[in-house]
Amino acid sequence: MKLARLILVSSALVFAMGTVNAADTPAIPALSGDALAAAVKGSLDNDLVLQKYNLKVKGKEADVTIEGSVDEGEQMARAGNVAEQVKGVRYVFNNIVPKN
């Protein structure tokens, strides 16, 4: 009898938890502007290949601009790829200048 009651209560809880609608949960706003630029800058600075270049990042709405110089074109491309992976980035203006 106790087992049946436990199963019934557990089933009711699982059902109640499963009926939460996404509309009932508050939306997390997407990053934009300065906050998005800071997130991209953090990602670039955490990249072991790119961190030594101290690249500059500006943000406007969902777009970011990366500026600075790197040694090779591969590092320029890598910076663009890292920036594109940041959630909320719509477009990357890659103004990095490779020295070689």
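See the structure printed just above.
What this report covers is the structure whose coordinates are included nearby. Here the structure is a predicted model, which is why all the values come from computation and not from measurement.

A short note on the overall build of the protein chain
Broken down by element type, the protein chain carries 3 helices and 3 strands. Order of helices (α) and strands (β) in the protein chain, N terminus to C terminus: α-α-β-β-α-β. Going through the 100 residues of the protein chain one by one, you find that 26% of them count as buried. Within the protein chain, contacts between residues at least 6 apart in sequence are counted, and of these 61% link residues at least 24 apart. About 7200 Å² of surface is accessible on the protein chain, with carbon and sulfur atoms providing 59% of the total.

Points about helix α3 (residues 73-84)
The first and last C-alpha atoms of α3 sit 17 Å apart over 12 residues, in line with the 16 Å expected at 1.5 Å per residue. Among the residues of α3, Q75, A79, G80, V82 and A83 are the ones counted as buried. Viewed end-on, α3 has its buried residues packed into an arc of 160°, placing them on one side of the element.

A short note on the nonpolar core
Residues V40, L44, L55, V64, I66 and V89 are the most contacted members of the largest nonpolar core, which totals 18 residues. A per-element tally of this core places helix α2 (residues 33-46) first, with 4 residues. Contacts of V89, omitting those with residues within four sequence positions, involve L36, V40, A62, V64, A83 and E84.

A look at the sheet that holds strand β3 (residues 91-98)
Strands sit in the order β1-β2-β3 across an open sheet of 3 strands; the sheet is mixed. Every other strand in the sheet has two partners, leaving β1 (56-60) and β3 as the edge strands with one partner each. With strand direction ignored, the average angle separating the axes of adjacent strands in the sheet is 10°. Pairing between strand β2 (residues 63-70) and β3: 8 bridges, direction parallel. Of the residues in β3, the one forming a bridge with I66 is N94.

A look at the environment of S32
Structurally, S32 can be placed in the loop between α1 (2-18) and α2. Put simply, S32 and E61 are 29 residues apart on the chain and 4.7 Å apart in space, counted from C-alpha to C-alpha.

What to know about the pairing of β2
Along any regular strand, the residues point their side chains to alternate faces of the sheet. Sheet topology places β1 next to β2; 5 bridges connect them, and they run antiparallel. By the bridge assignment for β2, K56 is matched with E67. Adjacent in sequence and paired antiparallel, β1 and β2 are bridged by 2 residues, among which E61 carries a positive phi angle near 55°. Since β2 and β3 lie parallel, the crossover through α3 that links them has a hand, and here it is right-handed.

Rules used throughout
Residues numbered from 1 in each chain as written. Predicted model: local features only at pLDDT ≥ 70, side-chain atom pairs only at ≥ 80, totals over all residues. Heavy atoms only, no water. Helix = DSSP H or I, 4+ residues; strand = E, 2+ residues; numbered from the N terminus. Buried < 20%, exposed > 50% of the residue type's maximum accessible area, 1.4 Å probe, protein only. Contact = heavy atoms within 4.5 Å. Areas by Shrake-Rupley, 256 points an atom, 1.4 Å probe, with all protein chains shown as cover. Expected span 1.5 Å × (residues − 1). Arc of directions from axis to C-beta. Core = buried A, V, L, I, M, F, W, Y, C linked by side-chain atoms within 4.5 Å. Pairing = 2+ DSSP bridges. Axes fitted to C-alpha atoms, helices over the stretch in contact; angles between N-to-C directions. Right-handed = clockwise from strand over helix to strand, strands pointing away.

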